[in-house]
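Given next are the chains, with one letter for each unit.
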Amino acid sequence: MLQSNQSVASLTKLRIMKRKTSSQPASSTPPSSPHQSPHFPVKLNSIFASKKPKNILKNSPAITTKASGEWVPLSIGKSELYLPLTFPTGQTFRWKETGPLQYTGVIGPHLVSLKQLENGDVGYHFHHTECEESARLALFDFLNLGISLSEIWEEFKVSDLRFCELASYLEGARVLRQDPLECLIQFICSSNNNIGRITKMVNFLSSLGKYLGNVGGYDFHQFPEINRLAMVSETELREAGFGYRAKYIIGTVEALQSKPSGGLQWLAALRKLNLEEAVDALASLPGVGPKVAACIALFSLDQHHAIPVDTHVWQIATQYLIPELSGTRFTPKLCSRVADAFVCKYGKYAGWAQTLLFIAELPSQKAILPSRFCDAEKVKPAKSKERKKGAHNARSRSMDGNENVM
DNA sequence: GGGAGACCTAGTAA
DNA sequence: ATTACTAGGTCTC
């Protein structure tokens, strides 16, 4: 039953690094046969220097060379990255499932496929890129490989038995490091919305960017620059199905254009702020409230303890962290209370812990977890009705088992 | 500063 | 079959 859900395509994001102009679009089919080829060079110290856990790539053997048609192994293993728990779980709406255990997306100007190899490792393949080296760096950065998932999970496991048990079934649920602009726009689209529709909206905006190629029947584009986004009218967006979010997109794009340092710079600078400052800055943009801001902060701004609180996270929190509030109704005022509870329990990387707990609540995952993880039914607030099957809130990342986006 | 209602759509219930 | 209502996050009043 996991499969049906995984058909949800996810998309990606690019890094905030300078965009390279890429050359001719490539129409290619992802390689089909995993190939044990050499490892890649690992010169990421400067990039990841500030990260806490040791760089999991640090000791990887150097080498490289990848012939097209091959999967180049990342040599990190499933415990560090398991694609089905990372890409189609609501962090990004730009990556597509293009094969069994295979996902394709765009990182900056690079079109790349990732595949879980038979030995558990993840292999990558660039379909379209001008510079292999910068593509590789962009990929490592996007995958947040400067952070050891297994290392921070160890700490969660020690302090939380339930996390420990879940982790053994849901290995490799990693938090990505997306491009802030892409992340911002995607999550503005996500507000009060369901995954199928969000994906359509994001696809529409993405198609305004430079075409990079087709993989598995899906067209891939570089995410459009701010000035390109600014050329779209609210009317066009509404006709494309954005609803009232159309004006949010327009307003946010205008706000970014008006930043003295430029929108991209302004967004990039948020990575240097503390969480509260970053969230406040983001919330100054139309269409960005506490929840969307937390998503952007966690998924693109290195704010590892950001907790996107929605009704589903509220359920998790009242069930396991603050049972004294169980049965009460969620109000915005309680947002910080929930976030604090997560940080208090899990610390600096609370957002990463919360991501796993969230995924464990997805119908697709519950289906493969032992029943003891499912019997603890949520205590619903008096006024709340049964949860619907269809429309799920975005952050509810694939909450919908029936979701069939593409 | 907190609460209520509007916004938009898809899915569900009546 | 149509209609009424619902969730979901942000904004406005």
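Residues numbered from 1 in each chain as written. Chains lettered and ligands numbered in written order. Predicted model: local features only at pLDDT ≥ 70, side-chain atom pairs only at ≥ 80, totals over all residues. Heavy atoms only, no water.

For chain A, the name recorded in an unreviewed UniProt entry is DNA-(apurinic or apyrimidinic site) lyase, with Coffea arabica as its organism. Quoted verbatim from the Subcellular location (unreviewed entry) heading of the UniProt record, the comment on chain A is "Nucleus". Under the heading Catalytic activity (unreviewed entry), UniProt records this for chain A: "2'-deoxyribonucleotide-(2'-deoxyribose 5'-phosphate)-2'-deoxyribonucleotide-DNA = a 3'-end 2'-deoxyribonucleotide-(2,3-dehydro-2,3-deoxyribose 5'-phosphate)-DNA + a 5'-end 5'-phospho-2'-deoxyribonucleoside-DNA + H(+)". (UniProt positions renumbered as here; feature names shortened; annotations may be inferred.)

**Regarding helix H5 (residues 149-159)**
For H5, the set of buried residues is Leu149, Ile152, Trp153 and Phe156. Seen end-on, H5 carries its buried residues on one side only, within an arc spanning 105°. What points out from H5, more than 90 degrees from its buried face, is the exposed set Glu155 and Val158. (Buried < 20%, exposed > 50% of the residue type's maximum accessible area, 1.4 Å probe, protein only. Helix = DSSP H or I, 4+ residues; strand = E, 2+ residues; numbered from the N terminus. Arc of directions from axis to C-beta.)

**Some words on the pattern of salt bridges**
Under the counting rule described, the total for this entry stands at eleven salt bridges. Here Arg174 ties to Glu80 by a salt bridge, and the two come within 2.5 Å at their closest N and O atoms. In this pair, Arg174 is assigned in the loop between helix H6 (161-169) and helix H7 (180-190) and Glu80 in the loop between strand S2 (72-73) and helix H3 (83-86), connecting sequence segments 94 residues apart. By relative accessible area, which is 4% here, Glu80 ends up buried. Across the salt bridge formed by Arg94 and Glu182, the nearest N and O atoms sit 3.0 Å from each other. Within this pair, whereas Arg94 is found in the loop between H3 and strand S3 (96-99), its partner Glu182 is found in helix H7, the two being separated by 88 residues in sequence. Judged on exposure class, the residue Arg94 and its partner Glu182 are both buried. The network of salt bridges with shared partners includes Asp141, Arg177, Arg271 and Asp302. (Salt bridge = Lys/Arg side-chain N within 4 Å of Asp/Glu carboxyl O.)

**Let's talk about the UniProt feature "domain: HhH-GPD" (unreviewed entry) in chain A**
Per the UniProt record, "domain: HhH-GPD" (unreviewed entry) is annotated on residues 189-362. A helix fraction of 56% and a strand fraction of 5% characterise residues 189-362, whose end C-alpha atoms lie 21 Å from each other.

**Description of the domain arrangement of chain A**
The assigned domain composition of chain A is domain 1 (68-144) and domain 2 (178-296). Computed over C-alpha atoms, the centres of domain 1 and domain 2 are 22 Å apart. With 19 residues of domain 1 at the interface, the matching set in domain 2 holds 19 residues. Between domain 1 and domain 2, the buried area comes to about 1700 Å², and carbon and sulfur atoms account for 64% of it. Of all residues in domain 1, Phe93, Arg94 and Lys96 give up the largest surface area on contact with domain 2, accounting jointly for 46% of the area buried on that side. For the pair domain 1 and domain 2, the interface holds one salt bridge. (Domains from an automatic or database assignment. Contact = heavy atoms within 4.5 Å. Buried area = accessible area lost by both parts, 1.4 Å probe.)

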